Amino acid sequence: MKTLPAYTMRFLLYGVLAAPLLLFGLYAFSEHWFFPAFLPKDWTTAPFIRIVADAQTGKSLATSLGVAFLSSLLSLLVAFPAARTLGLQKFRGRQLAWLIFFLPMVVPPLAVGMGLNILFMRLGLAGSLFGVVLSHLVPTIPYTIFTLAGVFAGYDKNFEHQARVLGATQLRVFFNITLRLILPGLVVAGLFAFLISWSQYLLTLLIGSGQVLTLPLLLFSAISGGNPTSIAALALLFVLPPVLVIAASARYLNQHGNTVREQY
Amino acid sequence: MKTLPAYTMRFLLYGVLAAPLLLFGLYAFSEHWFFPAFLPKDWTTAPFIRIVADAQTGKSLATSLGVAFLSSLLSLLVAFPAARTLGLQKFRGRQLAWLIFFLPMVVPPLAVGMGLNILFMRLGLAGSLFGVVLSHLVPTIPYTIFTLAGVFAGYDKNFEHQARVLGATQLRVFFNITLRLILPGLVVAGLFAFLISWSQYLLTLLIGSGQVLTLPLLLFSAISGGNPTSIAALALLFVLPPVLVIAASARYLNQHGNTVREQY
Amino acid sequence: MAHIDLISLTKTYPGRIRPVLDGFSLNIASGELVALLGPSGSGKSTLLKLITGIERPDTGDIHFDGKSVLPVAPNKRGAVLMFQKAYLFPFLSVAENIGFGLKVQGESPKTIQKEVARLLDIIGLPGVEKRKPSQLSGGEQQRIALARALIVQPHLLLLDEPLNSLDPAVRMNLQETIRRIQRELKITTILVTHDLSEAMAMADRMALLINGQVAAVDQPMRLFQQPPNEAAARFVGITTFLKGSLAHGTLRTDYGNLMVNTNGHMANSALFAIRPEHIQVQQHPGQNAIPGKVVGCMYRGEHIEYQIAASGLAIRARVPMPAAMVPHGENVFVVFPQEYLFAINEQSVRHSSTT
Amino acid sequence: MAHIDLISLTKTYPGRIRPVLDGFSLNIASGELVALLGPSGSGKSTLLKLITGIERPDTGDIHFDGKSVLPVAPNKRGAVLMFQKAYLFPFLSVAENIGFGLKVQGESPKTIQKEVARLLDIIGLPGVEKRKPSQLSGGEQQRIALARALIVQPHLLLLDEPLNSLDPAVRMNLQETIRRIQRELKITTILVTHDLSEAMAMADRMALLINGQVAAVDQPMRLFQQPPNEAAARFVGITTFLKGSLAHGTLRTDYGNLMVNTNGHMANSALFAIRPEHIQVQQHPGQNAIPGKVVGCMYRGEHIEYQIAASGLAIRARVPMPAAMVPHGENVFVVFPQEYLFAINEQSVRHSSTT
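Conventions and cut-offs
Residues numbered from 1 in each chain as written. Chains lettered and ligands numbered in written order. Predicted model: local features only at pLDDT ≥ 70, side-chain atom pairs only at ≥ 80, totals over all residues. Heavy atoms only, no water. Helix = DSSP H or I, 4+ residues; strand = E, 2+ residues; numbered from the N terminus. Buried < 20%, exposed > 50% of the residue type's maximum accessible area, 1.4 Å probe, protein only. Contact = heavy atoms within 4.5 Å. Areas by Shrake-Rupley, 256 points an atom, 1.4 Å probe, with all protein chains shown as cover. Pairing = 2+ DSSP bridges. Arc of directions from axis to C-beta. Phe/Tyr/Trp six-rings, centres within 6.5 Å; stacked < 30°, edge-to-face > 60°. Axes fitted to C-alpha atoms, helices over the stretch in contact; angles between N-to-C directions. Parallel < 35°, antiparallel > 145°, perpendicular 65-115°, else oblique. pLDDT = per-residue confidence, 0-100. Domains from an automatic or database assignment. Buried area = accessible area lost by both parts, 1.4 Å probe. Salt bridge = Lys/Arg side-chain N within 4 Å of Asp/Glu carboxyl O.

## What to know about the overall build of chain C
Next, step 1: Along its length, chain C carries nine helices and 20 strands.
Next, step 2: Within chain C, buried positions represent 56% of all 355 residues.
Next, step 3: Restricting the contact set of chain C to residue pairs at least 6 apart, pairs at least 24 apart contribute 68%.
Next, step 4: Accessible area for chain C stands at about 15000 Å²; split by element, carbon and sulfur atoms hold 51% of it.

## Details of the overall build of chain A
Next, step 1: Summing up its helical and strand segments, chain A has 11 helices and zero strands in all.
Next, step 2: Secondary structure elements of chain A, listed N to C terminal, follow the sequence α-α-α-α-α-α-α-α-α-α-α.
Next, step 3: Across the 264 residues in chain A, those meeting the buried criterion constitute 53%.
Next, step 4: Taking all contacts inside chain A whose residues are at least 6 apart in sequence as the whole, residues at least 24 apart take part in 73%.
Next, step 5: Surface exposure of chain A reaches about 11900 Å², of which carbon and sulfur atoms provide 70%.

## What to know about helix α3 (residues 94-104) of chain C
Next, step 1: For α3 of chain C, the tally of buried residues reaches nine of 11 residues, placing the bulk of the element in the interior.
Next, step 2: Considered for burial, the residues of α3 of chain C that qualify are V94, A95, N97, I98, G99, F100, G101, L102 and V104 of chain C.
Next, step 3: Looking at the buried positions of α3 of chain C, the neighbouring elements they touch are α7 (158-165) and α8 (170-198) of chain B together with α4 (109-123) and α5 (138-150) of chain C.

## Digging into the sheet that holds strand β2 (residues 21-28) of chain D
Residues and elements named next belong to chain D.
Next, step 1: Spatially, four strands are ordered β2-β1-β4-β5 in an open sheet, and the strand pairing comes out antiparallel. Two strands bound the open sheet, and with one partner strand each, they are β2 and β5 (67-68).
Next, step 2: Here strand β1 (residues 4-11) pairs with strand β4 (residues 59-64) via five bridges, running antiparallel. Bridge pairing in β4 places L6 opposite I62.

## Things to note about the side chain of Q200 of chain B
Residues and elements named next belong to chain B.
Next, step 1: In this fold, Q200 is placed in the loop between α8 and α9 (202-208).
Next, step 2: Residue class for Q200 comes out buried when judged on its relative accessible area of 14%.
Next, step 3: Every residue in contact with Q200, bar those within four places of it in the chain, is listed here: H136, P139 and P216.

## Description of helix α2 (residues 46-53) of chain B
Residues separated by three or four positions in an α-helix point in the same direction, a consequence of the helix having 3.6 residues per turn.
Residues and elements named next belong to chain B.
Next, step 1: Within the span of α2, buried status applies to P47, F48 and I51. Taken down its axis, α2 places every buried residue within 100 degrees of arc, on the same side. Exposed side of α2, more than 90 degrees from the buried face: I49, R50 and A53 are the residues found there.

## So, the packing of aromatic side chains
Next, step 1: Under the defined criterion, the tally for this structure stands at 24 aromatic pairs over all chains.
Next, step 2: Between F194 of chain A and W198 of chain A the ring centres are 5.9 Å apart and the planes differ by 15 degrees, which places this aromatic pair in the stacked class. One end of the pair, F194 of chain A, and the other, W198 of chain A, are both in helix α8 (residues 170-198), four residues apart, so they sit about a helical turn from each other.
Next, step 3: With centroids separated by 6.4 Å and ring planes inclined at 40 degrees, the aromatic side chains of F159 of chain B and F89 of chain C adopt a geometry described as tilted. Here F89 of chain C lies in the loop between β6 (79-82) and α3 and F159 of chain B lies in helix α7, a pairing that spans two chains. No difference in accessibility class separates F159 of chain B from F89 of chain C, as the two residues are buried.

## Things to note about the sheet that holds strand β6 (residues 79-82) of chain D
Residue and element names in this part refer to chain D.
Next, step 1: Ordered by their spatial adjacency, six strands build an open sheet running β6-β7-β8-β3-β9-β10, and the pairing between neighbours is mixed. The open sheet has two edge strands, β6 and β10 (213-218), and neither has a second partner. Here the average twist between neighbouring strands, direction ignored, is 20 degrees.
Next, step 2: Relative to strand β9 (residues 205-210), strand β3 (residues 33-37) runs parallel, the two being bridged by four bridges. Bridged to L37 within β9 is L208.
Next, step 3: Each of β3, β6, β7 (156-160), β8 (188-193) and β9 touches helix α1 (residues 44-52); the most contacted strand, β7, lies at about 155 degrees to it.
Next, step 4: Its contacts with the sheet place helix α5 (residues 138-150) against β6 and β7, and it is angled at close to 175 degrees to β6.

## Remarks on the packing of helix α3 (residues 94-104) of chain D against α5 of chain D
All names here are of chain D.
Next, step 1: Between α3 and α5, the least distance of the axes is 6 Å, while the angle of their chain directions is 30 degrees. In terms of orientation, α3 lies roughly parallel with respect to α5. Of the residues in α5, those touching α3 at V94, N97 and I98 are I144, A147 and R148.

## What about the confidence of the model for chain C?
Next, step 1: Averaged over all residues, the pLDDT of chain C equals 88, while 96% of them reach at least 70.
Next, step 2: Both confidence scores are given for the complex: pTM 0.77, ipTM 0.72.

## Some thoughts on the domain arrangement of chain C
Residues and elements named next belong to chain C.
Next, step 1: Domains assigned within chain C are domain 1 (4-230) and domain 2 (233-343).
Next, step 2: Each of domain 1 and domain 2 was reduced to a C-alpha centroid, and the two centroids are 39 Å apart.
Next, step 3: Contacts between domain 1 and domain 2 engage 12 residues on the former and 11 residues on the latter.
Next, step 4: For the pair domain 1 and domain 2, the two sides together bury roughly 1100 Å², of which 66% comes from carbon and sulfur.
Next, step 5: When the buried area of domain 1 at its contact with domain 2 is split by residue, F224, P227 and E230 rank highest and sum to 50% of it.

## As for the pattern of salt bridges
Next, step 1: Enumeration according to the criterion identifies 28 salt bridges over all chains in this entry.
Next, step 2: With a shortest N-O distance of 2.7 Å, R275 of chain C and E277 of chain C are connected by a salt bridge.
Next, step 3: Across the salt bridge formed by E302 of chain C and R318 of chain D, the nearest N and O atoms sit 3.4 Å from each other. Note that E302 of chain C is positioned in the loop between β16 (289-299) and β17 (303-310) and R318 of chain D in strand β18 (residues 313-320), a pairing that runs across two chains.
Next, step 4: Linked by salt bridges that have partners in common, R171, D195 and E198 of chain C make up one network.

## Describing the pairing of strand β13 (residues 256-259) of chain D
All names here are of chain D.
Next, step 1: Two elements, strand β12 (residues 250-253) and β13, share four bridges in a ladder whose sense is antiparallel. Residue pairing for β13: L251 is matched across the bridge by L258.
Next, step 2: Where β12 folds back on β13, the antiparallel hairpin that results is connected by two residues.

So, in structure tokens, the structure goes:
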């Protein structure tokens, strides 16, 4: 049964997702659009195609996607055991553990970046793609831990216990039962990690030392340049993947989230 | 009964809190400290005092504190009803609502900043302290909603029901029962909002238009300047309030968090 | 303290089709304790919310002492609650918890202190004023919750399965305590429970709530022994129903003829019922006995429970100990003593309120 | 399928002082159903985890058919579980759930399909193969969970309060179904429950677990009628204990002299007990009768429960209906019939295993 709030929420979600696309789209496909004109006057796709076809743009898009993908993957790998412990086991000091995992979320990124910069320079990781990926883990891991711990808090180990006594090996239990049960949670956590890494600017700048060029860096320098059309074109390129990823995840969760949650 | 994990966690917490203080402290109170020396050679407090005593530093400290405080307060006010609805009521579309509240956490801050900049220029809020506070709400509100919704998910309205039938007015129930029961949650949510606002750089820069100078902005320009001692002194000043706020909150939660949680 | 009239209450939650309450009517005399029984989801908790005023009925009215309380705010109605959980405010001491109702009414600290001490005496826990709720046992917490409810001298006390989470011994003890205090203070009380034994032990009258309506209301003993309809009968543990046509004190059924007491005029087609503990199981035929086969035989301590299949009828009989266990498949005779067979309505009665 | 020996099992969780299990010993014959009863926190669930191998005992051993299974991994032990919740895998169909155990053992799809159909027949739910667990009722889900456990032909079936969340009618039905299947397939079974009635109805023997030890183990009827010690007696609902000195078949107590059956040699100081339903309440004195005053009288349907105070003794008597309610404060005589008084140990027995 659909209710009014559900419709309102759905409407809002698509609105929020579509708005930046529309705004940047209008800018990207126009030559002149200034206040107070309601819509742009001249329409053209030329500048958009020129910017997207640019080799630097393509390379930075690939770099951004690669960094975000690797960061999400590593985040999930690190967060999984931590979140399982936090969510399932009731030990004293859980609260402190929470605070510690939260610290990187709230400690100034500037301080984190500076500290990592010093460390990575000594380790020879500064300026490398891998160094940038590692630095992105600082903000992404807390999110993934937080999301997965929430999933594990509602998780019941007895599903695993059942599978185990019925004859499944530990490996089989992990892949056939555990992973399968928390898949929706993994999708959400991975989504967050991807989005956070995707929009990271400061850490990429500080750790990448100009060697690793991602879309946000390109966009930022375009903003400094001041050409609204190329800003908008890059912004559109920048906003499109997150929108697609969010929409796909929302679709997945609507289909598969419920069947699992019913059991809890 | 204290257990080993509790001690380990406590040790880690204080370690994480103390490390940046120590690092920046070493830099701040030294003239020359370069790799590979293990400790600085010359100790002096002169540059630190010079920087801290500077009028611009003092003013930006006050601005930072004011912005962070106001942002947290407004966040809590907005998040409270939203979190109560999300945490207590089981309507269809809750999942979508969650996604929407999460979007600002993950949508690129650059995109948010640019959009707000256009909007606030038209509203005459660009360059104003209030405009900066409002822009900080974009990243702080999702955190506060998320934290408070978790609190409300374990909250039992029957406490209010009891107080009400015993003769308390709705206002009295709200202040004497509801607020009192979720105070630990409010403290945590406020803490997060404060820390996020405190370390905000991009939004302050874009919306403040150079009129509103907070500590992160000052620190960033010092980093561009390149003098390690003044960077370290500002960083120390920048890291100290969050550390104090976190330590105070952890202390409060250890004392008061449990008495309330026992009831659930 | 007050007599309560619940008049044709109807409530449907938004987005749901079936009403939770569907013309619920019940009158409760001043000082009476009425137990409200029903399966889960039968609207018991909703009814309490309507009475306290936390929710409003769609239609119908609620009278305290003959006056509608629908316009009265929850904090002015004087209908207090006690839940399965004590809901003591964790940040207040025991004394502050009990005194809460007086404090919000602006009573002086001295009066409150005196009243708190008096109520601690009544509930049998003197001297715990300064403790925190978390320092008390579950049973003690419930006693404090009772004291907190009683201190405001309520018109109506609503008990929503108040003892469900307690151990059997503590539970029995509190059943007696609550009943004693309720009688002494003459507080009109509604007890919501799904424990038949508890309802029978505590209530002046029991009301059976099925599908949002009162299916039966009567004194516990009469409802237990001779429920008026099938729904009520099933609820008090009766599973054997005998249908047939009635003629001259004989019920002609598919399983045989049974002699019954008709108690006046009866319809041609009649439904009779019998409590499981009144059914006898024996090896030889006899009066009012029908043949059957044992399909289940379980030892239950004070009695043995037989499941017997008799020409399509599934009979559950409870034979008090000492008795022999009968092996599965054994042929036996089931006796329905005439004095224990009673006639019931097949349909539950709509609006069976007693005025 | 196998006989099980649990030998002096001890388990203490890290950071806790009191052991959960403290020298627990119990032998279960092949095909036997032993019910394990105990208050919450008595270590029942821990014991099951030790048996399945999810946790290891600190000391002690577990033998299946005389061989220690401690070195055997949980998936090779053949001890399967059924919980209060069905824990059906929500992403698998009913058939896939039931067949899970065979699939992980590498059986062919054809064999699995045949076995699934066979087990669905046994549990009485043929044809539901393609449904999802969420489309089944609570009772049906538990049946599927049982089928899933039985398909691997386990050495030992562990039932951890499997019926607690079900309605009384469904529950009784499943009690009978499980008992029937267990008997037919001759599966050695441990049933953990805190429902005395369920344990008595289903078990060949009942073991009482108190403070991590077996306080008593016996056939249900004997444990219910004549528990060996006070802890066991309290657990089966006995609250009346008579202490005195024994001489020539007479128990001299503070309340008077009672004639008892001594059944051989007895210590000078003796403790006797009596079930509440064996105590009689009457208006006039008599043999083995002591005077008392009614302090509580509650109607409970099939019986009336009296609370009687007799010179410091709090007696709870259950008089079967029909019986009259006796007003509070009335002086009565409490009769302890000689044939129902039995001697018990004051201490619970350590390691009361039966070999």
